[in-house]
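# Working through the structure, step by step
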Amino acid sequence: MAVTKDDIIKALEGMKLTELNELVKAIEDHFGVVAAAAVAAPAADAGAAAAPSEVSVMLTSAGGNKVAVIKLVKEITGLGLMEAKKLVDGTLPVALKENVKVENAEEIKKQLMDAGASVDLK
C-alpha cells in the first residue's frame, strides 16, 4: 500500500519541531538538496486582509521566568540553547515564528504566556 500525502501530513503533525528539523536535515542529506523558505505572495483578495490565515508570533517580553521562556523558545524555533538565549536576551519584540497558522500561533502564545512571557500575534 502506497503512502499518501495525507498520511505524511498526519505523521508530521504529531512531530515536535526538533524532530521536524532533524527530518528536514535527513531529507536534505539523502537527496542532496537544500530546503529554502518559499516567498509568500501578498493576497490579492481584500477580504483576506480582514482575517489573516497566517500570523507571526512576536515575543515582547520574557517575563520573570526567563529560563522557562528560553527553553520554550528553543523547542518552538528548533534553535540551540545559546541561540535561543541570545534571541530572548536580544532586542524585543522579536519574531519567533513567521507565517504560522492562527491555530498554531495561539497554541504557541499560550505556552509562552504560561511560562510568563508576553506575546503578540501580528
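Note that this is a predicted model, so its numbers are computed, not measured.

The predicted coordinates of low-pLDDT regions are not to be read in fine detail. In the predicted model, the protein carries a mean pLDDT of 82, and 85% of its residues have values of at least 70. The least confident element of the protein, judged by mean pLDDT, is helix H3 (residues 46-50) at 51; the most confident is helix H4 (residues 66-77) at 91.

The next thing to look at is the packing of H4 against helix H5 (residues 81-89). At a closest axis distance of 8 Å, the pairing of H4 and H5 adopts a crossing angle of 120°. Judged by the inter-axis angle, H4 sits oblique to H5. The chirality of how H4 crosses H5 is right-handed. Counting all contacts with H4, which are made through Lys 66, Val 69, Ile 70, Val 73 and Lys 74, the residues of H5 involved are Leu 81, Ala 84, Lys 85, Leu 87, Val 88 and Asp 89. Tallied by class, the residues present in the contact of H4 with H5 amount to 7 nonpolar, no polar and 4 charged.

So, about the pattern of salt bridges. Summed over all chains, the structure comprises 3 salt bridges. Of the charged contacts in the structure, one is a salt bridge between Asp 114 and Lys 110, with a shortest N-O distance of 2.9 Å. In this pair, Asp 114 and Lys 110 both sit in helix H6 (residues 102-114), 4 residues apart, roughly one turn of the helix. Note on Asp 114: relative accessible area 58%, which makes it exposed. In the salt-bridge network here, residues are joined through shared partners; they are Lys 66, Lys 85 and Asp 89.

The next thing to look at is the sheet that holds strand E1 (residues 54-61). Reading across from one edge, E2-E1-E3 is the order of the 3 strands in this open sheet, with antiparallel pairing throughout. Lying at the two open borders of the sheet, with one neighbouring strand each, are strand E2 (94-101) and strand E3 (118-121). Between one strand and the next, the sheet's axes are offset by a mean angle of 25°, whatever the strand orientation. Across the sheet, H6 touches E1, E2 and E3, and the angle it forms with E2 is around 145°.

Attention now goes to the environment of Leu 59. With respect to the element layout, Leu 59 can be found in strand E1. For the pair formed by Leu 59 and Val 94, sequence separation is 35 residues and the distance between their alpha carbons is 5.4 Å.

Looking now at helix H2 (residues 17-31). Compared with the 21 Å implied by 1.5 Å per residue over 15 residues, the 21 Å span of H2 between its first and last C-alpha is a close match. Looking one or two places after H2, you find Gly 32, whose phi comes out positive at around 65°.

Take the nonpolar core next. Ranked by size, the top nonpolar core spans 20 residues in total, and within it Leu 59, Val 69, Val 73, Val 88 and Leu 112 carry the most contacts. Secondary structure elements with two or more residues in this core: E1, H4, H5, E2 and H6. Residues in contact with Leu 59, not counting those within four places in the same chain, are Val 69, Val 88, Leu 92, Pro 93, Val 94, Leu 96, Ala 117, Ser 118 and Val 119.

Rules behind the numbers
Residues numbered from 1 in each chain as written. Predicted model: local features only at pLDDT ≥ 70, side-chain atom pairs only at ≥ 80, totals over all residues. Heavy atoms only, no water. pLDDT = per-residue confidence, 0-100. Helix = DSSP H or I, 4+ residues; strand = E, 2+ residues; numbered from the N terminus. Axes fitted to C-alpha atoms, helices over the stretch in contact; angles between N-to-C directions. Parallel < 35°, antiparallel > 145°, perpendicular 65-115°, else oblique. Left-handed = near helix turned anticlockwise from the far one by under 90°. Contact = heavy atoms within 4.5 Å. Nonpolar A, V, L, I, M, F, W, Y, C, P; charged D, E, K, R; others polar. Salt bridge = Lys/Arg side-chain N within 4 Å of Asp/Glu carboxyl O. Buried < 20%, exposed > 50% of the residue type's maximum accessible area, 1.4 Å probe, protein only. Pairing = 2+ DSSP bridges. Expected span 1.5 Å × (residues − 1). Core = buried A, V, L, I, M, F, W, Y, C linked by side-chain atoms within 4.5 Å.

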